[in-house]
Each structure stands twice: as structure tokens, then as C-alpha cells.
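Analysis of the macromolecular model
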Amino acid sequence: MGGFFFWLLVVVCVIALVVLFFPLRFRVDFDANERGGRAEFFFLGKRLWSGEKKRKHKDAEETFDDDASDDSDAAVPEYVETAPVPVVEKKPTPVESKPAEEKTSGPEPSEAKPLKIEPAEPAVPGPVEAEPKQQTEEKIKANPAEPEARESGKPDEEPAAEKEEKRKLTDKEFWTILLTPDLDGRAFRYLKNIIAESLRLLDIKFVDCYVEGIRGDYTSMGYGAAANAVAKGFPYLEAWDFRMDWERNRELRAAGKICTSTNFCRIFFWLFLVAVYGGILFVSFWRRRARVLKTGELPELGYIRNKIVAFMVED
């Protein structure tokens, strides 16, 4: 039995290693010009998505406008002169006035009799039964803190430290803590490391990417060709080719492929790195927040940082 479990553990470890380091490859093919664009997304060599968008050409819009103007001219009706029609005046018909109807005399209203209001008899309060002393003593024994609270008449006061901790930071305090040299310097350094690890995680590669049909005067096109030659020595730009249209017979077009490859091990490491850097920044910021809430002293900033804080507070 021991040998069986040993080999089972070995098989599970091998499968876990294969899953962790199995390459996940993605590819994006794109092609765009002045008339539209097309893109395709591939995963492990299988196309998962493709899209294409076309744009109307300017010539087609102009012809459409010409047709619309012709139709509008054709739709205008023609007016023909005709003889005026004589207008016949209508005489007003006399309206006979009807005699006013005589008002019928109704019975005279009877005089209202005054109402007599008799004063109500005062209610005689009945005897109030007093609570027995035994019940009151039992209530006092059950809740001994109630009479003391009633006598004092003051609510329980919370300690001043807790009230200060509950207070929120103002905008000025927040930006002052965030823009201290060591905190934002550390944040920028961590952000740089996260971006570098992200590029390493995705392992982005450009394959056969080019932009052709670039036009301009010959001087600027020459500078563009020289810059293209210099860019060949930089990463992520060595696969790009910017082609000048010296003969002016090609339309503006961009095409190429973007390939990425990663695995689960790199993804887990990237998540762990982001969590560690984010936790360090959060703890350092929280400690300074607590210090500001307790002492009320803000850290000192330079001239430029004070201007940035004032600008952020105004917004």
C-alpha cells in the first residue's frame, strides 16, 4: 500500500507541474486601412473571435449627397397661374332676443333657532391604585443600573481616542499623506516593477508588423526612414517596419500579428506580487493616517508638492 500511495503522489505532482507550466498561447491578427479594419483572435491555434468594420468612403458620401439634392429638386411642385375666384360676402343673420324668464318666488326661509349648549359636568377622578411595594422592589433588583442612570442623567462618554479614530481625513490631509516623497516614491517604484512583471508575464511579441503608405514632403519622409532604422534596435519595435510612400501609389495601411504566451505559474506569481506591494503601501498609509488623527500634525512637503495638494483640494 505504501508503494501505491507513493506513485499516486508522484503522478499528482507531475500533473500539477504540467498544468502550472503548460503554455497558454494567444495571437491577434489585425489589418486596418482607410476603408475599415479586421481583427481575429486565436487561442492555441484555434480562432475564437473575428470582427470586421467598414467605413464609408468620402466619394460615396458625395454621390449620395448629389442624389439627395437631385431628388429634392424633383420633389418641388410646380405652380400654375389661375384666375382669381370671386369672394362672396355673407350677411350676418339677425339674432332675436328672448324675454328674460320671471323669477319664481319661493317660500321665505324660516328663522334659525339658537342652540343651547349645556356645560359638561367635570369628571371626578377615581381612586388610583398604588403599586405594591413588593413589585417595585423586584424591578429594582432586576435592573439595578436604571435608577443610577436616571439620577445621573448623563450618557456613557466614549474615550477621546476612539472619537479621533472615527473621524475621517479631509481632502488636504489625504493628499498630503499620499504625496510624501518616500510614500509616492515607493509607490512609483512598485508600479514600475508591476508593469515590468506584467510584460514578462504576457511575453508580448510583434511579428511582421508594418505601416505603409506614409506620405509627406521628402525631407520629413527621410527623417522618418532614419527613425525607422534607429527603432530597429529597441525591443518591441524591432519587428515594426514604417514604410514611406515615395512613389505615392499606396494607401495608408497597418497590419501584423501580436503573439503572447503565459502559464498559470506566472499568473500566480504576478497576483502574489501585486498583493504584497499593495499590502505594504496600505499599511504604511494606514500608519500615517492613525498618526495624523492622533497628533493632528501633517508631514512637511516641498514647494511643488504643496502646489499639487492645493490644486487637488481646489478640484
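1. Quick word on unusual backbone geometry
The residue leucine 44 is not glycine, and still its phi comes out positive at about 55 degrees. Mapped onto the fold, leucine 44 is located in the loop between β2 (36-43) and β3 (46-54). For leucine 44, a relative accessible area of 42% corresponds to the partly exposed category. Unusually for a residue other than glycine, tyrosine 236 sits at a positive phi of about 70 degrees.

2. Regarding the confidence of the model for the chain
Per-residue confidence for the chain averages 75 on the pLDDT scale, and 64% of its residues sit at or above 70. Ignoring residues within four places in sequence, the model shows residues 60-76, a span with pLDDT below 50, making 1 contact including any to other chains. Segment residues 97-113: pLDDT under 50, and 0 contacts once partners within four positions in sequence are set aside and those in other chains are kept.

3. Looking at a nonpolar patch on the surface
Together, Phe6, Trp7, Val10, Val14, Val18, Phe22 and Leu44 line one region of the surface with nonpolar side chains, adding up to about 680 Å² of accessible area. For valine 10, a relative accessible area of 31% gives the class partly exposed.

4. Details of the pattern of salt bridges
By the definition in use, this model includes 12 salt bridges. Close ionic contact of arginine 243 with glutamate 212 constitutes a salt bridge, the shortest N to O distance being 3.7 Å. Highlighted residues: arginine 243 in strand β5 (residues 240-244) and glutamate 212 in strand β4 (residues 205-214), separated in sequence by 31 residues. Classification of arginine 243 by relative accessible area gives partly exposed; the value is 33%. When the shortest N-O distance is used, the salt bridge between arginine 243 and aspartate 241 registers 3.2 Å. The network of salt bridges with shared partners includes Glu212, Asp241, Arg243 and Arg250.

5. A short note on the packing of helix α6 (residues 171-178) against helix α10 (residues 303-314)
Packing of α6 against α10 brings their axes to within 9 Å, and their N-to-C directions diverge by 140 degrees. Between α6 and α10 the crossing geometry is right-handed. Here Asp171, Lys172, Trp175 and Thr176 of α6 come into contact with α10, specifically with Val309, Met312 and Val313.

6. Here we look at the packing of aromatic side chains
Counting across every chain of the model gives 12 aromatic pairs. For the pair phenylalanine 26 and phenylalanine 43, a centre-to-centre distance of 4.9 Å together with 35 degrees between the ring planes defines the contact as tilted. Separated by 17 residues along the polypeptide, phenylalanine 26 in strand β1 (residues 24-33) and phenylalanine 43 in strand β2 bring together distant segments of the chain. Given a relative accessible area of 27%, phenylalanine 26 falls into the partly exposed group. The exposure class assigned to phenylalanine 43 is partly exposed, which follows from its relative accessible area of 25%. When the ring of phenylalanine 174 is compared with that of tryptophan 175, the centres are 5.3 Å apart and the planes differ by 80 degrees; the resulting orientation is edge-to-face. Owing to a relative accessible area of 33%, phenylalanine 174 belongs among the partly exposed residues under this scheme. Directly above the aromatic system of phenylalanine 42 lies the positively charged group of arginine 27, at a separation of 4.1 Å from the ring centroid. The ring of tyrosine 218 has arginine 248 sitting right over it, with the charged end atom 5.9 Å from the ring centre.

About the thresholds
Residues numbered from 1 in each chain as written. Predicted model: local features only at pLDDT ≥ 70, side-chain atom pairs only at ≥ 80, totals over all residues. Heavy atoms only, no water. Helix = DSSP H or I, 4+ residues; strand = E, 2+ residues; numbered from the N terminus. Buried < 20%, exposed > 50% of the residue type's maximum accessible area, 1.4 Å probe, protein only. pLDDT = per-residue confidence, 0-100. Contact = heavy atoms within 4.5 Å. Patch = residues over 30% accessible without salt bridge, like charges linked within 9 Å, V, L, I, M, F, W, Y side chains within 5 Å. Areas by Shrake-Rupley, 256 points an atom, 1.4 Å probe, with all protein chains shown as cover. Salt bridge = Lys/Arg side-chain N within 4 Å of Asp/Glu carboxyl O. Axes fitted to C-alpha atoms, helices over the stretch in contact; angles between N-to-C directions. Left-handed = near helix turned anticlockwise from the far one by under 90°. Phe/Tyr/Trp six-rings, centres within 6.5 Å; stacked < 30°, edge-to-face > 60°. Lys NZ or Arg CZ within 6 Å of the ring centre and 35° of its normal.

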